[in-house]
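# Examining the three-dimensional arrangement
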Amino acid sequence: MQTNARDRLITALDVPSADEALALVDRLGDAVSFYKIGMELVYGGGGLAVAERLVKAGKKVFLDLKLHDIPNTVERATAQVARLGVHLLTVHGYPQTMRAAHAGRAGTGLKLLAVTVMTSYDDDDLVAAGYAEGVGPTVRRRADQAKDIGIDGLIISPHEAAALRAALGPSMLLVTPGVRPAGSAVGDQKRVMTPGEAIRAGADHLVVGRPVTAASDPRAAAEAIVAEISANLTA
Ligand SMILES: O=c1ccn([C@@H]2O[C@H](COP(=O)(O)O)[C@@H](O)[C@H]2O)c(=O)[nH]1
């Protein structure tokens with residue numbers, strides 16, 4: 001996976017329409033090379049067409065659909081996503097789901113990311129959802145299972161990045177939402193770090209939405225994050 005500073009920032013295009021997405025992409029220009037398209041834009045209408053358009057324009061695209069269903073449905077849906085030519089797709093980090101997605105993308109260039117524990121969750125949220133182990137052990141269990149199945153990467157918070165990098169080695173892609181430049185509103189995220197901290201912890205890609213998309217100058221906000229990434233990359 002590409003590792004220059006600009007390609008390490010994945011900007012979440014969390015807007016409700018294709019028109020707004022394309023206007024934002026236009027505004028961001030060459031400051032952003034990698035976009036994430038998620039549920040809001042897909043369900044709002046036009047998200048998949050925007051994804052294909054961005055791919056044709058030479059941008060990298062991460063489709064954040066967080067697939068989770070019976071194996072037959074996940075396998076067939078993953079095969080359809082692979083036809084779009086996007087680079088990354090999320091599935092939930094359950095073994096049955098990950099195995100099905102792995103089969104569905106066979107023979108394609110699509111890379112799969114397993115969602116371990118959402119970055120809006122802390123230990124109490126996991127207990128409330130019926131998982132008593134807490135964030136650290138749950139992330140680790142799902143990460144190990146993902147690696148065994150042949151999944152390419154993980155959605156984790158920056159807090160888990162250093163331990164997982166040490167445990168899983170350099171080839172597992174570590175992609176971290178829950179990134180906030182110093183002074184930015186944390187909002188509904190619970191396990192957050194700054195861009196520099198996340199990079200130093202070993203993240204390959206940082207997913208950033210509102211700190212860019214809600215900024216008065218989104219391009220300047222993206223450029224500042226890329227500069228912070230660059231300053232924290234080791235040679
Ligand atoms: O655990 C997860 C998985 C996905 N996300 C997605 O990342 C972005 C983060 O947006 P911000 O505005 O920077 O909070 C958003 O699209 C989420 O759906 C995540 O945050 N955590």
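Residues numbered from 1 in each chain as written. Predicted model: local features only at pLDDT ≥ 70, side-chain atom pairs only at ≥ 80, totals over all residues. Heavy atoms only, no water.

## Thoughts on the packing of aromatic side chains
- One pass over the structure, following the stated rule, counts zero aromatic pairs.
- Above the face of the phenylalanine 62 ring, lysine 36 is positioned so that its terminal group lies 5.9 Å from the ring centre. (Phe/Tyr/Trp six-rings, centres within 6.5 Å; stacked < 30°, edge-to-face > 60°. Lys NZ or Arg CZ within 6 Å of the ring centre and 35° of its normal.)

## Description of the packing of helix H6 (residues 95-104) against helix H8 (residues 135-149)
- Here H6 crosses H8 at 30°, and the two axes come no closer than 10 Å. When the axis of H6 is compared with that of H8, the two are roughly parallel. The two elements H6 and H8 cross, and the hand of that crossing is right-handed. Across from Pro95, Met98, Arg99 and His102 in H6, the residues of H8 making contact are Arg142, Gln145, Ala146 and Ile149.
- Classifying every residue of the contact of H6 with H8 gives four nonpolar, two polar and two charged. (Axes fitted to C-alpha atoms, helices over the stretch in contact; angles between N-to-C directions. Helix = DSSP H or I, 4+ residues; strand = E, 2+ residues; numbered from the N terminus. Parallel < 35°, antiparallel > 145°, perpendicular 65-115°, else oblique. Left-handed = near helix turned anticlockwise from the far one by under 90°. Contact = heavy atoms within 4.5 Å. Nonpolar A, V, L, I, M, F, W, Y, C, P; charged D, E, K, R; others polar.)

## Concerning the nonpolar core
- Membership of the largest hydrophobic core comes to 62 residues, with the highest contact counts inside it found for Leu13, Ile37, Leu63 and Leu154.
- Residues within four places of isoleucine 37 in sequence aside, it is in contact with Leu13, Val42, Gly47, Val50, Ala51, Leu54, Val61, Phe62, Leu63 and Asp64. (Core = buried A, V, L, I, M, F, W, Y, C linked by side-chain atoms within 4.5 Å. Buried < 20%, exposed > 50% of the residue type's maximum accessible area, 1.4 Å probe, protein only.)

## Details of the environment of leucine 67
- By secondary structure assignment, the location of leucine 67 is in strand S3 (residues 60-67).
- Considering only alpha carbons, one finds leucine 67 and alanine 23, 44 residues apart in sequence, at a separation of 28 Å.
- The contacts of leucine 67, once residues within four sequence positions are left out, are Val74, Ala77, Thr78, Leu89, Thr90, Val91, His92 and Thr97.

## As for the pairing of strand S7 (residues 173-176)
- Neither face of S7 is exposed, since Leu173 and Val175 on one face and Leu174 and Thr176 on the opposite face are all buried.
- Taken together, the three bridges between strand S6 (residues 153-155) and S7 define a ladder with parallel strand orientation. Residue pairing across strands places leucine 154 opposite leucine 174, the latter belonging to S7.
- For the segment spanning S6, helix H9 (residues 161-168) and S7, crossover handedness is right-handed.
- Crossover handedness for the path S7 to helix H10 (residues 195-201) to strand S8 (residues 205-208): right-handed. (Pairing = 2+ DSSP bridges. Right-handed = clockwise from strand over helix to strand, strands pointing away.)

## Details of the UniProt feature "active site" (unreviewed entry) in the chain
- As recorded in UniProt, the sites labelled "active site" (unreviewed entry) are Asp64, Lys66 and Asp69.
- Among the secondary structure elements, aspartate 64 is positioned in strand S3.
- Here aspartate 64 is in contact with Lys36, Ile37, Gly38, Met39 and Thr90, once residues within four sequence places are set aside.
- At 2.6 Å, the side chain of aspartate 64 and the side chain of lysine 36 are in polar contact.
- Here aspartate 69 is to be found in the loop between S3 and helix H5 (71-82).
- We classify aspartate 69 as partly exposed; its relative accessible area is 42%. (UniProt positions renumbered as here; feature names shortened; annotations may be inferred. Polar contact = N/O pair within 3.5 Å; in protein donor to acceptor, adjacent residues only side chain to side chain.)

## A look at the UniProt feature "domain: Orotidine 5'-phosphate decarboxylase" (unreviewed entry) in the chain
- Feature annotation in UniProt assigns "domain: Orotidine 5'-phosphate decarboxylase" (unreviewed entry) to the following positions: residues 8-225.
- Secondary structure content for residues 8-225 is 45% helix and 17% strand, and the end C-alpha separation is 10 Å.

## Concerning the site of the ligand
- In the vicinity of the ligand, 16 residues are found, and the nearest of them are Asp14, Thr119, Arg180, Gln189 and Arg210.
- Contacts to the ligand include threonine 119, whose side-chain N or O atom sits 2.6 Å from a nitrogen atom.
- In this structure, arginine 210 approaches the ligand through a side-chain N or O atom, which is 2.7 Å from an oxygen atom.
- Relative to its unbound accessible area of 460 Å², the ligand is 88% covered by the protein chains.
- Put simply, the parts of the chain that give the shell around the ligand at least two residues each are S3, S8 and helix H11 (210-213).
- Considering only residue class, the shell around the ligand consists of seven nonpolar, three polar and six charged. (Near = heavy atom within 4 Å. Areas by Shrake-Rupley, 256 points an atom, 1.4 Å probe, with all protein chains shown as cover.)

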